[in-house]
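These are the residues of each chain, in order.
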Amino acid sequence: GEPYLFKLDGFTDVEKVVLTGSFNNWNETELVMNKTAAGWQLPYVVAPGNYEYKFIADGKWMPDPANPFTTGTGNYINSLIALKANHVFELKGYSEAKSVMVTGSFNGWKRDGYRMSRQNGKWILPLFLNHGKYTYKFIVDDQWILDPANKLFEENEYGTDNSVLWIEE
């Protein structure tokens, strides 16, 4: 992989910030960030993929305030980053929705899914996906829906269908 620059702007009054995530098995001591005039940063080499992460600022765990993409619920909300993203999930409309997530075979159909971000009138989420077939659905304010922009779907075990996505090499 190539180095990715993890940054936490602000928080200049804390003594120590540690980066932790699924890329280092949530190790709480390994990746101590460097203090800068604007906050904290750390270049770290990570292979292409989707990763969850948090910062630990003076012992307090927190998601990345600059990253709108998250997963999880309650006290267990993690930031989500897609390095070398090769697909962007998009859902147009639903401007009144409070929460839109995408979930599918790429994340084990997690009910708390991957939170999408509303940008330029549509909900988006970039992800890195290996080549192959994926099934998925959007969850709009707790309602599971097919992707209205994708004509490919197949029946699932619940008889409610799943959208189908093929990622070519």
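Residue numbers run consecutively from 1 along every chain, following the written order of its sequence. Per-residue local features are limited, in this predicted model, to residues with pLDDT of at least 70; the limit for side-chain atom pairs, both in listing and counting, is 80 or more; totals at the level of whole chains, interfaces and linings are taken over all residues. To obtain the side-chain values, all non-hydrogen atoms of the structure were included, while hydrogens and water were left out.

1. Some details on the pairing of strand E14 (residues 122-127)
Here is step 1: When strand E10 (residues 87-92) meets E14, the two strands line up antiparallel, connected through 6 bridges. If you follow His87 over to E14, its bridge partner there is Leu127.
Here is step 2: Should DSSP find at least two bridges between two strands, the strands are taken to pair. The way it works is that DSSP assigns letters per residue, a run of H or I at least four long becomes a helix, a run of E at least two long becomes a strand, and they are numbered from the N terminus. Sheet analysis places strand E13 (residues 117-119) next to E14, joined by 3 bridges and oriented antiparallel. Along E14, the bridge assignment pairs Gln119 with Lys122.
Here is step 3: What sits between E13 and E14 in their antiparallel hairpin is a turn of 2 residues, with Asn120 showing a positive phi close to 50 degrees.

2. A closer look at the nonpolar core
Here is step 1: We define a nonpolar core as any set of buried Ala, Val, Leu, Ile, Met, Phe, Trp, Tyr and Cys residues linked to one another through side-chain atoms lying within 4.5 Å. Exposure categories follow from relative accessible area, calculated using a 1.4 Å probe and restricted to protein chains: below 20% of the type maximum is buried, above 50% is exposed, and the middle band is partly exposed. In terms of nonpolar packing, the biggest core is built from 22 residues, with Phe89, Val102, Phe106 and Phe138 touching the most fellow members.
Here is step 2: Residue contacts are counted whenever heavy atoms from the two residues lie within 4.5 Å of one another. Other than its neighbours up to four places away in sequence, Phe89 contacts Val102, Phe106, Met116, Trp123, Ile124, Leu125, Leu127, Leu129, Tyr136, Phe138 and Leu165.
Here is step 3: Counting 19 residues, the second largest nonpolar core, distinct from the first, contains Phe6, Phe55, Met62 and Leu83.

3. Observations concerning the sheet that holds E13
Here is step 1: Reading across from one edge, E10-E14-E13 is the order of the 3 strands in this open sheet, with antiparallel pairing throughout. Looking at the sheet topology across the chains shown, the edges are occupied by E10 and E13. Adjacent strand axes in the sheet meet at a mean angle of 35 degrees when their direction is disregarded. The convention used is that axes are lines fitted to C-alpha atoms, helices contributing only their stretch in contact, and that angles between N-to-C directions extend from 0 to 180 degrees.

4. What about the pairing of strand E9 (residues 78-83)?
Here is step 1: Counting buried positions over the 6 residues of E9 gives 5, a clear majority of the element.
Here is step 2: Relative to E9, strand E6 (residues 49-57) runs antiparallel, the two sharing 5 bridges. Bridging from a neighbouring strand, Tyr51 pairs with Ile81 of E9.
Here is step 3: By the bridge criterion, 2 bridges tie strand E8 (residues 70-71) to E9 in an arrangement that is antiparallel. In the sheet register, Thr70 faces E9, and the bridge partner there is Ser79.
Here is step 4: Turn length for the E8-E9 hairpin, with the two strands adjacent in sequence and antiparallel, is 6 residues, and the turn residue Gly72 shows positive phi of about 100 degrees.

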